Each structure stands twice: as C-alpha cells, then as structure tokens.
Amino acid sequence: MSRTITVGLDGSPESLAAAEWAAREAKLRGLALRLLHVYEPVPEPMAQAPLLGAETHQHWSEKIPREAAGGLRLRHPGVEVTARHLAGRPSEVLGEAARTAELLVLGSRGMSGIGGFLVGSVGLAVVAHAECPVVLVRAGEQAADEHERDPVGIPSGATAYRPVVLGLDTGHPDASMIEFAFDAAARRETVLRVVHGWGRPSYYSYGGAAELWRYEDLAQGEAIALAEALRPWREKYPAVDVTEASRPGNPAEQLINASREASLVVVGRRIRRKPFGVHIGSVTHAVLHHAAAPVAVVAHD
C-alpha cells in the first residue's frame, strides 16, 4: 500500500483547517492525501427517530468527506485526494489508519485569540498510541500563518516559511525526531531552530563566585551536548541553516514562546507498550495545549 498523509475529518472548523494543512504538506512531500471520516453508529433508540435515524446520520456523515475532498482538489491541483467513510470508535479507527500513514493530521480548537490548542480525548488518545508522526492543527490556521509577513507587514503565503522549531532532550536525542525536523525544514527551505531547555542548579540562586563558575561550566557542557547531537544531521542536511538555543529553564515554556514565530513545532513522545492510559510526557502535553503553531509529535523508543 502506498503511504499517504491521512487526516481525520469530522466537518468541524478545526478538522477542515487540518485538511488544508495536510494538503499543503502532501504537496511538499509528493504524497497522496486521504481524508478519513469516522462516525459512531447511532444507538438503536435514536435510530427509530425519523429525523435522527441511522440512515439520515449516515447520509450527512458521507457528505462531509465527499464535499471536503472536492474542495481540496480544486484548491490544491496536483494533489491526489481520496476520501473514506468508516463506522467505529474514532480513536480506534484513526489509530489503525496511522499504521499505514506517513503522517496523521488532526484538528484542535483554539483556546484563545493568542494561541493554543484544546485537545480532545480522541486527539490525545491517538497521539498517545500512534507510531507515525501526528500533527495537530488549530482551527483558523491558514497558509499565511506559516510564512513571514511581506515587506509591508501583511500576512502572505508567498513569502519565506517561518522557522521549524525542534524541542530536543540531549539525554535522549532520538534520530527519528531529529530527522523529521531537519526534513521539514529542508522541504520548506527555512531555518531549523533547535531549543534545549535544562534545569538550573539550585546552588545558582546563591550567586557566589564558585557557584557561578560551576554554572558556566554546566551551561557549556549542555551546549556541547546539543552540538554533538546535531552534528551528524548537519552533515546529512548541509543546506539547512540551524540555530541552537541551549538555555536553563522550563523546556515547555521555551518551546511555547518559540512557537509564536514558527511554521511548525516538532516534539517527541516515548513509545510505551501499555495498552491503556495516555502516555505523552509533560513537555509534549504542555506544548500540545499552548503552542501557537501546528505541532508534530514524533513517537520514538
């Protein structure tokens, strides 16, 4: 089966924004786009109601992906778009679809005018269990939001892409996550900004000369570790301009701040084989809820 970019679609503004983002990404990657609409069958008591019955519900459910696919084909010529309509539990069906997808894209409602996501239970469950990268896109996200403003300050999809931001833990520098970020920056011909936040030692608050020396030594060690983790990827992607930011402080806060000027934020999630529960990690969880740009979650061992 050819690999695709798959988007979960339910007709909501956030899922339609996700479909538009997925179509743009499909063009960048030269992949087909698959729209997947999942509906849960109507319970039997409701199925007896003339206006809420199973046939009526199925008719409207089938209309959503069909009309969305038609619009995407018009707006994104050259991208192969298919649509499927399946019955079942959305988290389970989308999770199964992730097994054959290059990328799975979901929508999330914006929390405010400033930025941030409201990730529902289905989205969290899919992110926690999918082993392909999952991208969360806010309602209202547009192509111009991923690009720099034009010379007079107007949002434009014709200008250069904003940086791709990668949150990296030098203690566990996973190759799949780093390569995903480098590849995304290369395809967008933009800067890759790597953010590494680390804990400030407790003794630093006292401010003595010896403590300051130890702090500077620690900061230098963290910066060296970051540079070493990125060195082979700089060699593999020589055309990608990389900036490194290794600073003390909360990694999630640093990534959320960086997301305000980003086209995409890339974070990781450790794969846990437990069948139940949501296992995402505190940093990734915070970024998912508060980032101002689309967020890609890359699962890794």
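Position labels on residues start from 1 in each chain and follow its written sequence. Since the coordinates come from a predicted model, pLDDT governs what is reported: local features require at least 70, and pairs of side-chain atoms require 80 or more to be given and counted, while whole-chain, interface and lining totals use all residues. Each side-chain value is worked out from all heavy atoms of the structure, with water and hydrogens disregarded.

**Some thoughts on the confidence of the model for the chain**
Low-confidence regions, as indicated by low pLDDT, have predicted coordinates that should not be scrutinised in detail. Which entries qualify depends on this criterion: As a per-residue measure, pLDDT reflects the predictor's confidence and takes values from 0 up to 100. Helix and strand assignments follow DSSP, with helices taken as H or I runs no shorter than four residues and strands as E runs no shorter than two, numbered in order from the N terminus. Only heavy atoms matter for contacts: two residues are in contact if any of them lie within 4.5 Å across the pair.
Per-residue pLDDT for the chain has a mean of 85; in total, 81% of the residues score no lower than 70. Element-level pLDDT for the chain is lowest in strand β5 (residues 117–118), with a mean of 48, against a maximum mean of 98 in strand β7 (residues 164–167). Overall, residues 51–55 carries pLDDT values under 50, and its contacts beyond four positions in sequence, including any with other chains, amount to eight contacts. Taken as a whole, residues 110–117 scores under 50 in pLDDT and shows 30 contacts with residues more than four places along the chain or in a different chain.

**Looking at the packing of aromatic side chains**
Which entries qualify depends on this criterion: Think of it this way: a Phe, Tyr or Trp ring, Trp meaning its six-membered ring, pairs with another when their centres are within 6.5 Å, and the plane angle makes it stacked under 30 degrees, edge-to-face over 60, tilted otherwise. As a reminder, the over-ring test applies to NZ of lysine and CZ of arginine, requiring each to be within 6 Å of the ring centre and within 35 degrees of the ring normal.
Overall, the coordinates contain one aromatic pair when judged by the stated rule. If you follow Arg188 out to its NZ or CZ, it ends over the ring of Tyr161, 5.7 Å from the centre.

**Here we look at helix α6 (residues 175–188)**
The α-helix advances 3.6 residues per turn, and as a result positions three or four apart in sequence lie on the same side. Counted only if it meets this: How far a helix is expected to stretch is found by multiplying one less than its residue total by 1.5 Å.
Compared with an ideal rise of 1.5 Å per residue, which puts 14 residues at 20 Å, α6 spans 20 Å between its outermost C-alpha atoms and is within 8% of the ideal. Positive phi appears at Glu189, one or two residues downstream of α6, with a value of about 55°.

**Quick word on the environment of Gly30**
If you trace the backbone, Gly30 turns up in the loop between α1 (13–29) and β2 (32–39). Spatially, the C-alpha atom of Gly30 lies 7.8 Å from that of Val79, the residues being 49 residues apart in sequence.

**Remarks on α1**
As a reminder of what qualifies: Only protein chains enter the area calculation, which uses a 1.4 Å probe; residues under 20% of their type maximum are buried, those over 50% are exposed, and those in between are partly exposed.
Counted at 1.5 Å a residue, the expected span for α1 with its 17 residues is 24 Å, and the 24 Å between its end C-alpha atoms agrees. Of all 17 residues that make up α1, 13 are buried, and the element is covered over most of its length.

**Digging into unusual backbone geometry**
Here Glu189, not a glycine, exhibits a phi torsion of approximately 55°, which is positive. Using a relative accessible area of 73% as the deciding quantity, one classes Glu189 as exposed.

**Details of the nonpolar core**
Filter applied, for reference: Among the buried residues, those of types Ala, Val, Leu, Ile, Met, Phe, Trp, Tyr and Cys that are joined through side-chain atoms within 4.5 Å form a nonpolar core.
Formed by 44 residues in total, the largest nonpolar core has its most connected members in Leu33, Leu35, Val105, Leu192 and Val266. Counting 31 residues, the second largest nonpolar core, distinct from the first, contains Leu124, Val134, Ala262 and Val265.

**Quick look at the packing of helix α8 (residues 251–259) against helix α9 (residues 282–290)**
Selection criterion: Here, axes are lines fitted to C-alpha atoms. For helices the fit covers the stretch in contact, and angles between N-to-C directions go from 0 to 180 degrees. Our angle categories are set so that under 35 degrees counts as roughly parallel, over 145 as roughly antiparallel, 65 to 115 as roughly perpendicular, and the remainder as oblique. Two helices cross in a left-handed way if the nearer one is turned anticlockwise from the farther one by less than a right angle. They cross in a right-handed way if the turn is clockwise.
Packing of α8 against α9 brings their axes to within 9 Å, and their N-to-C directions diverge by 30°. In terms of orientation, α8 lies roughly parallel with respect to α9. Like other packed secondary-structure pairs, α8 and α9 cross with a definite hand, here right-handed. When α8 is examined against α9, the residues Pro251, Ala252, Leu255 and Ile256 are found in contact with a partner set consisting of Val283, Ala286, Val287 and His290.

**Considering the side chain of Arg24**
Residue placement: Arg24 occurs in helix α1. Those residues in contact with Arg24 that sit more than four places away from it in its chain are His76, Gln142, Ala143 and Glu146.

**Some remarks on the pairing of strand β1 (residues 4–8)**
Put simply, the rule reads: DSSP-based pairing: two strands are paired if at least 2 bridges between them are found. When the strands point away from the viewer, a crossover counts as right-handed if the path from the first strand over the helix to the second runs clockwise.
Counting buried positions over the five residues of β1 gives five, a clear majority of the element. Of the two faces of β1, both are covered, the one formed by Thr4, Thr6 and Gly8 as well as the one formed by Ile5 and Val7. Both β1 and β2 contribute to a ladder of five bridges, which runs parallel. Each residue of the ladder has a partner; that of Val7, found in β2, is Leu35. Crossover connection from β1 via α1 to parallel β2: handedness right-handed.

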